[in-house]
Amino acid sequence: MSPSPAGHAAGNRVVTQDFDGTWEQLQSLPLPPSSALAARHHLDAVRAVRTAADGAHELLVAGRSRLTADLRDELRAEGLAVVDVVDVGGSADTGDAADVGDTTGGPVEVTSPTTDREPVPGRVWLLTSGSTGRPKRVAHTLDSLTTVGGDQPPRTWLCPYAHGAYAWWQVVTLGLRHPGQDILFVEPDELDTWPARALEVGVTAASGTPTFWRQALYRDPDAVAALPLEQVTLGGEPVDQAILTRLTELFPAARVSWIYASSEAGASIAVHDGLAGFPAAWLGRQQEGRARLDVVDGELVIASPRRGAGVDDVLRTGDRAEVVDGRVLLPGRVASDEINVGGAKASAAQVRAVLLDHPRVAWAAVRGRRAPIVGSIVTADVVPVRTDGPGTDPLTEADLSAWCTDRLPDHAVPRRVRFLDQIPIKESLKSDV
């Protein structure tokens, strides 16, 4: 399959803040054979993809804020030129760089690699999230990033993900490889207003993290509900039943799916039944082209045919897994889930799930806090559901304490609750949960 968008997907629509056209109409970027693009916005990123789609380039795409000075040095030492598109009327101000005239769309600045090596045509580098330390680089190809096969119904996708993230590439490859798959890219400064823009462009499918969906529903549920969505996709964070249920009820005609994917393992799990977790019958299953899933010592273990180059055949994911009523639930990270309260173990994920089940809680995060005698106590940050009309009593710490006391062992009940007036969201569209 040719990765070039000059074929049957060339007419797919691409919409960003500053562009509304097709892949074929996108202006390419003058990229060196091995390049790391520091993207200012989605238009930079998709122009780079358009350039590299012929399979002759080696490419890494990341937001400019992610490519810190030391990371730029590391990439150059590994043989990648760092490319910045120059802002109109000024320099990208990235240090010792050479101007390269871009005859198709403005100048770029190229900072040459400090190590000479032959490029690997067709290689696509991804940066991991860095949630467990410094971001790592994982090698893929457009083929390994294209995880949807077969004929697809025509759709216009919303893509709010950070440039170059694994989930971003999942949406991009849909538009690049499949006819009838248009994409509206949303920038971080559009997160407050994207539903109106999506309605204007004609979005019928949308992908985002649970935090992205919670934030949108918290800010303007009526605007979200007005969208004629046929496909709703979640991923990138633990996907709980509360958000799945709300989206299923809001879009009864849509297929609501959650996807488990990572830069290392690739897209490994896809669930479309509207339920949290996946069927326990999938454990140990071996099917051509599908990941083998196992639970070892309470941790999800994956053997994925779509893993990145050099990734272990069997990957310990670091995600906690538990089998409950025939479903394998993935509530959070193994390293951060357990809170030791005076020798008793509390699950941050379990406490968070109980809080999210409260009808007046829009978002919650749970963590341990050091305390004398007991070692740690359970604490929570909570965003209450917005209430309209006079006479509505505010949600209180006592309300939540009583709610949790009826549903959790005493040591797991939050002893401190901090109320926030906004759902916190990072550039990755995730919250710290």
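Values in this document were obtained by computation on a predicted structure and should not be read as measured data.

**Some points on the overall build of the protein chain**
Point 1. Assigned secondary structure in the protein chain consists of 11 helices and 25 strands.
Point 2. With the principal axes as the frame, the protein chain shows a C-alpha extent of 65 × 45 × 45 Å.
Point 3. Counting the 433 residues in the protein chain, one finds 49% classified as buried.
Point 4. Taking the contacts inside the protein chain whose residues are at least 6 apart along the sequence as the reference set, 63% of them involve residues at least 24 apart.

**Some points on the confidence of the model for the protein chain**
Point 1. When the pLDDT values of the protein chain are averaged, the result is 90; 91% of them are 70 or greater.
Point 2. A low-confidence stretch, residues 89–105 stays under pLDDT 50, and its non-local contacts, those more than four residues away or across chains, total 36 contacts.

**Overview of the pattern of salt bridges**
Point 1. Taken as a whole and assessed by the stated rule, the structure comprises 25 salt bridges.
Point 2. Between Arg197 and Glu200 there is a salt bridge, and its shortest N-O distance comes to 3.4 Å. Placement of both Arg197 and Glu200 in helix α5 (residues 194–201) is noted, with a separation of 3 residues, approximately one turn of the helix.
Point 3. Judged by relative accessible area, Glu200 falls into the exposed class, the value being 60%.
Point 4. With a closest N to O distance of 2.9 Å, Arg316 and Glu299 form a salt bridge. Placement of the pair is Arg316 in strand β19 (residues 315–324) and Glu299 in strand β18 (residues 299–303), with a sequence separation of 17 residues.
Point 5. The network of salt bridges with common partners includes Glu58, Arg117 and Arg123.

**Some details on the pairing of strand β4 (residues 58–63)**
Two faces belong to every sheet, and in a regular strand the side chains alternate between them.
Point 1. Of all 6 residues making up β4, 6 are buried, and the element is well covered by its neighbours.
Point 2. Burial of β4 is two-sided: the residues Glu58, Leu60 and Ala62 facing one way and the residues Leu59, Val61 and Gly63 facing the other way are all buried.
Point 3. At this point the chain moves from strand β3 (residues 34–39), through helix α1 (residues 42–52), to the parallel β4, and the crossover so formed is right-handed.
Point 4. Of the strand pairs in this sheet, β4 and strand β8 (residues 123–127) are connected by 2 bridges, and their pairing is parallel. Bridging from a neighbouring strand, Leu60 pairs with Trp125 of β8.

**A word on the domain arrangement of the protein chain**
Point 1. For the protein chain, the domain assignment lists domain 1 (10–86 + 105–142) and domain 2 (338–387 + 394–431).
Point 2. On a C-alpha basis, the centroid separation for the pair domain 1 and domain 2 is 40 Å.

**What to know about the nonpolar core**
Point 1. In this structure, Trp168, Trp169, Trp194, Trp213, Leu234 and Trp258 are the most contacted members of the largest nonpolar core, which totals 83 residues.
Point 2. Examining the composition of this core, we find that 7 residues originate from one element, helix α4 (residues 166–177), more than from any other.
Point 3. In this structure, Trp194 is in contact with Leu158, Val186, Phe212, Trp213, Ala216, Val224 and Leu227, ignoring residues within four places of it in sequence.
Point 4. Core analysis: the next-biggest nonpolar cluster, separate from the first, contains 22 residues, Val341, Ala346, Leu356 and Val366 among them.

**Considering the environment of Val85**
Point 1. Mapped onto the fold, Val85 is located in strand β5 (residues 81–85).
Point 2. Taking relative accessible area as the criterion, Val85 reaches 2% and is therefore assigned buried.
Point 3. When the C-alpha positions of Val85 and Ala39 are compared, they lie 7.4 Å apart, and in sequence the two are 46 residues distant.

**A look at helix α11 (residues 397–405)**
Point 1. Of all the positions in α11, only Leu400, Trp403 and Cys404 are classed as buried. Around the axis of α11, the buried residues are gathered within 95 degrees of arc, so they sit on the same side.
Point 2. Where α11 is buried, its residues meet α10 (348–357), β23 (361–371), β24 (375–384) and β25 (416–419).

**Quick word on the layout of surface pockets**
Point 1. Space inside the second largest pocket adds up to approximately 330 Å³.
Point 2. Counting residues per element, the ones that place at least two in the lining of the second largest pocket are α6 (210–219), α8 (241–250) and β23.
Point 3. Here the lining of the second largest pocket takes 5 residues from α8, the largest share from any one element.

**As for the sheet that holds strand β20 (residues 327–333)**
Point 1. With antiparallel pairing, the 5 strands of this open sheet are ordered in space as β16-β20-β19-β18-β17. Bordering the open sheet on either side are β16 (278–279) and β17 (292–296), each of which pairs with just one other strand.
Point 2. Sheet topology note: the β17/β18 ladder contains 5 bridges and is antiparallel. Bridge pairing links Leu293 to Ile302 in β18.

**Some remarks on the environment of Val83**
Point 1. Mapped onto the elements, Val83 comes out in strand β5.
Point 2. In this structure, the C-alpha to C-alpha distance between Val83 and Val172, residues 89 residues apart in sequence, is 20 Å.
Point 3. Residue contacts for Val83: discarding those within four places in its chain leaves Leu31, Pro32, Ser35, Ala36, Leu37, Ala38, Val108, Glu109 and Val110.

**Here's the deal with the packing of α1 against α4**
Point 1. Running from N to C, α1 and α4 point in directions that differ by 55 degrees, and their axes come no closer than 12 Å. With respect to α4, the axis of α1 lies oblique. Relative to α4, the crossing made by α1 is right-handed. In contact with His42, Ala45, Val46 and Val49 of α1, α4 contributes Trp168, Trp169, Val172 and Leu176.
Point 2. Counted by class, the contact of α1 with α4 contains 7 nonpolar, 1 polar and no charged residues.

The rules behind the values
Residues numbered from 1 in each chain as written. Predicted model: local features only at pLDDT ≥ 70, side-chain atom pairs only at ≥ 80, totals over all residues. Heavy atoms only, no water. Helix = DSSP H or I, 4+ residues; strand = E, 2+ residues; numbered from the N terminus. Buried < 20%, exposed > 50% of the residue type's maximum accessible area, 1.4 Å probe, protein only. Contact = heavy atoms within 4.5 Å. pLDDT = per-residue confidence, 0-100. Salt bridge = Lys/Arg side-chain N within 4 Å of Asp/Glu carboxyl O. Right-handed = clockwise from strand over helix to strand, strands pointing away. Pairing = 2+ DSSP bridges. Domains from an automatic or database assignment. Core = buried A, V, L, I, M, F, W, Y, C linked by side-chain atoms within 4.5 Å. Arc of directions from axis to C-beta. 1 Å grid on protein atoms, 1.4 Å probe; cavity = no way out; pocket = protein on both sides within 12 Å on 5 of 7 lines; lining within 4 Å. Points joined across faces, edges and corners; volume = space filled by probe spheres on them. Axes fitted to C-alpha atoms, helices over the stretch in contact; angles between N-to-C directions. Parallel < 35°, antiparallel > 145°, perpendicular 65-115°, else oblique. Left-handed = near helix turned anticlockwise from the far one by under 90°. Nonpolar A, V, L, I, M, F, W, Y, C, P; charged D, E, K, R; others polar.

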